[in-house]
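Observations on chain architecture
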Amino acid sequence: MQPYVIPFHQLGIADIPEVGGKNASLGEMISSLSSSGVHVPGGFATTAQAYRDFLANDGLDKRIEDALSTLNVEDVTALAEAGRKIRGWIVEAPLPERLEEEIRAHYVQLAAEGEGSFAVRSSATAEDLPDASFAGQQETFLNIHGIENILHAIREVFASLYNDRAISYRVHKDFTHADVALSAGVQRMVRSDLGASGVMFTLDTESGFRDAVFITSSWGLGEMVVQGAVNPDEFYVHKPQLAAGFPAVIRRALGSKQQRMVFDEQRSAGRSCRIEPVPAADQARFSLTDADVLQLARYAVSIEQHYGRPMDIEWGKDGLDGKLYILQARPETVKSNEASSGGTEKHRLHQRGTVLVEGRAIGQKIGSGRVRIVESTAEMDKVQAGDVLVTDMTDPNWEPVMKKASAIVTNRGGRTCHAAIIARELGIPAIVGCGHATTALQDGEIVTASCAEGDTGYVYHGKLNFDVVVHDEAELPAIPVKLMLNVGNPTLAFEFAQLPSVGVGLARLEFIINNLIGIHPKAVLEHGKLPGKLHEAVMQRSAGYANPEEFYVEKITEGVATLAAAFWPKKVIVRMSDFKSNEYRKLIGGEIYEPMEENPMIGFRGAGRYVAANFSDCFELECRAMKRVREKLGYINVELMIPFVRTVNEAQEVVATLERNGLKRGENGLRLIMMCEIPSNALLAEEFLQHFDGYSIGSNDLTQLTLGLDRDSSLVADRFDERDPAVKVLLKMAITTCNRLDKYVGICGQGPSDHFDFAEWLVEAGIQTMSLNPDTVIDTWRRLAEKEIAKP
């Protein structure tokens, strides 16, 4: 006679038919990964046969089959009524005598190892299989004490196989209801109510980038992260640098973490958790240390290597013993299945409008429609096909109505919550954690929800134009020039890295400083002297970091490290900041420190700014960040580019300044590239190149300064053309000199992206690389391959 209950340590992945993917995976990790330091709490599981025998008592299985045989799952009201009725039958039914006896016996053994509380979780026999994700469909009961409460919780778990979403999901995935059984797992709880917990994926959930571990974390029990009730902290770890021994945390984002779930010692009826507010001081700091993040990433990599596929993992940090534990691990299903399907679909927004709300972007797609604000599942029938569903937060029971929506917008939640997971499965864009979407948006208004612009998703007023481009993955033919990418937004780096290129020819610091920092560097250095409101704004922006100065340096480090990791080991040429004074004035504190210039385009900018007495300490912050990226994090694929160098003396000064700040040309392979964007740079190329390892041509400024026109003026905009003969003379001069001196020469201006004939001319002139906007690289590559272009 086969047992009804099996301890986790006797289970393995081969036992999925009997105990489901979740419980089989726990057993697999305990038996196979404990020796490598992965901690998994012990417990036991009931079998699928136990569940089937339970339903066979008094013909309960036949009653369920009859109730579902005529059900139309598209009828949300009928679905809710059928589910409620079936769950009631199951909870009221007694467990078979042998099953109850075995549960009691195993509980005694587990309790003998030490007092504690237990989690009772579901594990469906069709759950967490590579081609389907049942994540969150069934119930979990936390902090359960005593055998009677555990027995009741097991019946509740059994009943949850007939949650509304679970019924609907099985129909849509063509699973026969009776073919799916349930195993209840009883697991010793980690005291993460006193610590932190969250979810991690062994790939980037949005782009599918495989070389990163993505971790979310919040205070207290992990249900708050999973349910989407909090906006958690986020961390990215780069696997190759982690394996090489570097502290490879490449990106952090501080979540609001406004509430947490903790044990309730005033427990009743077996439900013994409560939700409480998180103190403001804890909201303003990260819930994990870098050491914790790196350890979790190591666990994640070990688990992924063991299973041989991307994984979705829940974890908890025990606040008593300080250890990190793995609570669940299942295959990641959405991006893995996309990767094997061939071809990638990209949504591109053609215009931007008034931003109504913003939050975390899920799904890299765009949807538009009429806003439907829904307070609870009781109002789900308000949502019609193509509407934009707006609500505080969702749970798995919302799935039947979520699939009707063109987009989903929530007040709360992070990128690993159930709403996000379901949206990805359904292929619907979602913007989560907006904070106030239900009050900022008006029911019935038409909006466009865009998740195609990086980590941040935007809800725009009105219906905006966008298109969908499908890139096939056919191998591209050889071309006579190397193509690189222009990238400003690090949050798009993982996506862009999947395009064909030899690296990044222009990585702009301006996006990082403007969007991720938002503070003038002088205000960072002198934050203690700022007037009240400005000081408060600076401190608020830099929350979670040791001080504003550290925030500034670390945010640049994170942005550049993300780019370097995404394209590793390909070259990433980072241009040091090239803000003009009018642009610096827009940053917090900028109006105090920046002059009002008549013509900032040719004013206080570039290399001249770096070496100026009143800005050199600001430039040192950038240098510290670059040093960290290359030395602490090991990204020696990063090269530095200096913009707007007017004279040879200025070139000498800036190179000496870099060296004083620990960035010596040639040391540890460091190459210094100079922007060639002023006529003097082409005319005196040989002299400038004594101090640099090559040129990156900025065709925008070079054209403007050669032709003596303001490219921002609509009065002369029609005369701006990089293909003008005078511009070409200077370009040819710069390219020829670089090639003769065996120096690098590329172009990173807009010209080749806008004009294919200009790209052809550059190849014929001997350009080594062209750095293009990401949306033009494949088309330019194919057009160059079709042409017979003679290189000099």
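Look a little higher up for the structure.
Summary of the structure given here. Note that the structure is predicted; figures quoted are calculated from it, not measured.

1. Concerning the environment of Arg585
For Arg585, the position within the fold is in the loop between helix 21 (581-584) and helix 22 (590-593). Classification of Arg585 as partly exposed rests on a relative accessible area of 21%. Separated by 66 residues in sequence, Arg585 and Ile519 place their C-alpha atoms 9.8 Å apart. When neighbours within four sequence positions are excluded, Arg585 is seen to be in contact with Gly590, Glu591, Glu594, Pro595 and Met596.

2. Side note on the nonpolar core
If you look at the biggest cluster of nonpolar residues, it comprises 142 residues, and the most contacted ones within it are Met200, Ile215, Val237, Ile326, Ile556, Tyr695 and Met770. Looking at this core, the element that brings in the most residues is helix 20 (residues 548-567), giving eleven residues. With near-sequence residues (within four places) excluded, Val237 lies in contact with Asp211, Ala212, Val213, Ile215, Leu242, Ala248, Val249, Val293, Leu294 and Ala297. Counting 45 residues, the second largest nonpolar core, distinct from the first, contains Val5, Phe44, Ile147 and Phe158.

3. Remarks on the side chain of Thr448
By the element assignment, Thr448 lies in strand 20 (residues 446-450). In contact with Thr448, other than residues within four places in its own chain, are Leu349, Ile366, Gly367, Ser368, Tyr458, Val459, Tyr460, Gly462, Lys463 and Leu464.

4. So, the environment of Leu784
Note that Leu784 resides in helix 32 (residues 777-786). Between the C-alpha atoms of Leu784 and Glu591, which are 193 residues apart in sequence, the distance is 47 Å.

5. Examining helix 4 (residues 76-92)
Under the 1.5 Å per step criterion, the end-to-end length of helix 4 is 25 Å for 17 residues, consistent within 8% with the ideal 24 Å. The set of residues buried in helix 4 consists of Val76, Leu79, Ala82, Gly83, Ile86 and Ile90. Axial view of helix 4: buried residues confined to an arc of 130°, hence all on one face. Pointing more than 90 degrees away from the buried face of helix 4 are the exposed residues Thr77 and Glu92. Of the surrounding secondary structure, the elements contacted by the buried residues of helix 4 are helix 2 (48-56), helix 3 (60-69), helix 6 (147-159), helix 7 (164-172) and helix 13 (399-402). Capping of helix 4 at its N-terminal end is provided by Asp75; its side-chain oxygen lies 3.2 Å from the backbone amide nitrogen of Thr77.

6. Brief notes about the pattern of salt bridges
In a structure, side chains of opposite charge can pair up when their charged atoms sit close to one another. This model, assessed by the stated rule, comprises 51 salt bridges. Here Asp392 makes a salt bridge to Arg412, at a shortest N to O gap of 2.7 Å. You can see Asp392 sitting in the loop between strand 17 (388-391) and helix 13 and its partner Arg412 sitting in the loop between strand 18 (407-410) and helix 14 (418-426), a full 20 residues away along the chain. On the basis of relative accessibility, which here comes to 26%, the residue Arg412 falls in the partly exposed class. Several salt bridges converge on common partners, so that one network encompasses Asp204, Glu206, Glu234, Arg251, Arg360, Arg415, Arg424 and Asp455.

7. Thoughts on the sheet that holds strand 21 (residues 456-461)
The sheet built from seven strands closes into a barrel, its strands ordered 15-19-18-17-16-20-21 with mixed pairing. Averaged over neighbouring strand pairs, the angle between their axes works out to 35° when direction is ignored. Of the strand pairs in this sheet, strand 17 and strand 18 are connected by four bridges, and their pairing is parallel. Note on strand 18: the bridge partner recorded for Val388 is Ala407.

Reading the values: the criteria
Residues numbered from 1 in each chain as written. Predicted model: local features only at pLDDT ≥ 70, side-chain atom pairs only at ≥ 80, totals over all residues. Heavy atoms only, no water. Helix = DSSP H or I, 4+ residues; strand = E, 2+ residues; numbered from the N terminus. Buried < 20%, exposed > 50% of the residue type's maximum accessible area, 1.4 Å probe, protein only. Contact = heavy atoms within 4.5 Å. Core = buried A, V, L, I, M, F, W, Y, C linked by side-chain atoms within 4.5 Å. Expected span 1.5 Å × (residues − 1). Arc of directions from axis to C-beta. Polar contact = N/O pair within 3.5 Å; in protein donor to acceptor, adjacent residues only side chain to side chain. Salt bridge = Lys/Arg side-chain N within 4 Å of Asp/Glu carboxyl O. Pairing = 2+ DSSP bridges. Axes fitted to C-alpha atoms, helices over the stretch in contact; angles between N-to-C directions.

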